[in-house]
Amino acid sequence: MGCCTGRCTLIFLCAFQLVTVLERQVFDFLGYQWAPILANFIHIVLVILGLFGTVQYRPRYVVTYAVWAAAWVTWNVFIICFYLEVGGLSKDSKLLTFNLSQHRSWWHEHGPGCVHEEVLPTSLRLLDHQALLSGSGCTLEHRYIEALHSALQVLVALVGFVYACYVVSMLTEGEDSFDFIGGFDPSPLYHVSEKPSHLLFKQAYL
């Protein structure tokens, strides 16, 4: 089976997801966003698993990727709601840092057009014990940048889910058709071995 359109598209989508999530992981590390860092790491592992399953014709791995793609969509929808403060969520809470740091999104201080202002730490619970930076006058607020990042992940994951389901159905149909043709049918061996035994019995009788 050659590289059909569905498999090639899914391979491209997995590679594109890896590039985008690695870029996102870098900025989450810079902003000490521990919950997204953990989610991104799991996503990287399972996308690699789905990529391997697509290349090596392993439908179970592709199914695992498809299930995670649905979970990944849910997570990114939550991130969008978090930064846009939908459903009572607040972007200023420490939920994404596990309450271990006062840092927020890296884009909060380093967004387009932001002016940096040093803010002395007011708590001894800071991990780095350094002054925080506060951005003001940003051309695009950090919450919209984070929401756009998550929206891109949602879009790619939805397309990846659809193509993963298509590839799984294609691989399973290929296996079923091989069995139906008679790839493992033992009846020819039975007929081949039956004829010599019949001839030997006839010769012994004569």
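Residues numbered from 1 in each chain as written. Predicted model: local features only at pLDDT ≥ 70, side-chain atom pairs only at ≥ 80, totals over all residues. Heavy atoms only, no water.

### Here's the deal with the packing of aromatic side chains
Reasoning step 1: Per the stated rule, a full pass over the model turns up 10 aromatic pairs.
Reasoning step 2: Note on Trp 75 and Phe 78: the rings are 5.7 Å apart at their centroids and 40° apart in plane angle, and the pair reads as tilted. Of the two residues, Trp 75 and Phe 78 both sit in helix 3 (residues 59-83), three residues apart, roughly one turn of that helix.
Reasoning step 3: Given a relative accessible area of 22%, Trp 75 falls into the partly exposed group. (Phe/Tyr/Trp six-rings, centres within 6.5 Å; stacked < 30°, edge-to-face > 60°. Helix = DSSP H or I, 4+ residues; strand = E, 2+ residues; numbered from the N terminus. Buried < 20%, exposed > 50% of the residue type's maximum accessible area, 1.4 Å probe, protein only.)

### Description of the environment of Phe 29
Reasoning step 1: With respect to the element layout, Phe 29 can be found in helix 1 (residues 5-30).
Reasoning step 2: In this structure Phe 29 comes out as partly exposed when scored by relative accessible area, which is 45%.
Reasoning step 3: Here the alpha-carbon distance between Phe 29 and Ser 105, two residues 76 residues apart in the chain, equals 9.5 Å.

### Concerning the environment of Thr 74
Reasoning step 1: Within the fold, Thr 74 resides in helix 3.
Reasoning step 2: For the pair Thr 74 and Val 154, spaced 80 residues apart in sequence, the C-alpha to C-alpha distance is 8.3 Å.

### Quick notes on helix 2 (residues 34-55)
Reasoning step 1: Taking 1.5 Å as the rise per residue, helix 2 with 22 residues should run 32 Å; its terminal C-alpha atoms sit 32 Å apart, in good agreement.
Reasoning step 2: Every buried residue belonging to helix 2 is among Ala 35, Pro 36, Ile 37, Ala 39, Asn 40, His 43, Ile 44, Leu 46, Val 47, Gly 50, Gly 53 and Thr 54, and all of these are buried.
Reasoning step 3: One or two residues past the end of helix 2 sits Tyr 57, with phi positive at roughly 60°. (Expected span 1.5 Å × (residues − 1).)

### Points about helix 1
Reasoning step 1: Here helix 1 contains 26 residues, and its C-alpha end-to-end distance of 38 Å stays within 8% of the 38 Å for a straight helix at 1.5 Å per residue.
Reasoning step 2: For helix 1, the full list of buried residues reads Gly 6, Arg 7, Leu 10, Leu 13, Cys 14, Gln 17, Leu 18, Thr 20, Val 21, Arg 24, Gln 25 and Asp 28.
Reasoning step 3: Just past helix 1, the residue Tyr 32 takes up positive phi, approximately 55°.

### Details of the nonpolar core
Reasoning step 1: Counting residues in each nonpolar core, the largest one holds 21 residues, and the members touching the most others are Leu 10, Tyr 65, Trp 72 and Ala 164.
Reasoning step 2: Contributions of two or more residues to this core are made by helix 1, helix 2, helix 3 and helix 5 (142-181).
Reasoning step 3: Beyond its immediate stretch of four places on either side in the chain, Ala 164 contacts Leu 10, Val 62, Tyr 65 and Ala 66.
Reasoning step 4: Counting residues in each nonpolar core, the second largest holds five residues, with Ala 35, Ile 79, Tyr 83 and Leu 96 among its members. (Core = buried A, V, L, I, M, F, W, Y, C linked by side-chain atoms within 4.5 Å. Contact = heavy atoms within 4.5 Å.)

### Let's talk about the pattern of salt bridges
Reasoning step 1: Scanning the entire structure with this criterion turns up two salt bridges.
Reasoning step 2: In this structure, Lys 91 and Glu 85 form a salt bridge, with 3.4 Å as the shortest nitrogen-oxygen distance.
Reasoning step 3: On the basis of relative accessible area, Lys 91 is assigned to the buried category, the value being 17%.
Reasoning step 4: Glu 85 sits in the partly exposed class, given a relative accessible area of 34%.
Reasoning step 5: The shortest N-O distance in the salt bridge between Glu 141 and Arg 143 comes to 3.1 Å. (Salt bridge = Lys/Arg side-chain N within 4 Å of Asp/Glu carboxyl O.)

### Side note on the packing of helix 1 against helix 3
Reasoning step 1: Between helix 1 and helix 3, the shortest axis-to-axis distance is 14 Å and the interhelical angle comes to 40°. Overall, the two elements helix 1 and helix 3 adopt an arrangement that is oblique. Crossing angle aside, the handedness with which helix 1 passes helix 3 is left-handed. Within the contact between the two elements, helix 1 uses Leu 10, Cys 14, Gln 17, Val 21 and Arg 24 and helix 3 uses Val 62, Tyr 65, Trp 72, Asn 76 and Ile 79. (Axes fitted to C-alpha atoms, helices over the stretch in contact; angles between N-to-C directions. Parallel < 35°, antiparallel > 145°, perpendicular 65-115°, else oblique. Left-handed = near helix turned anticlockwise from the far one by under 90°.)

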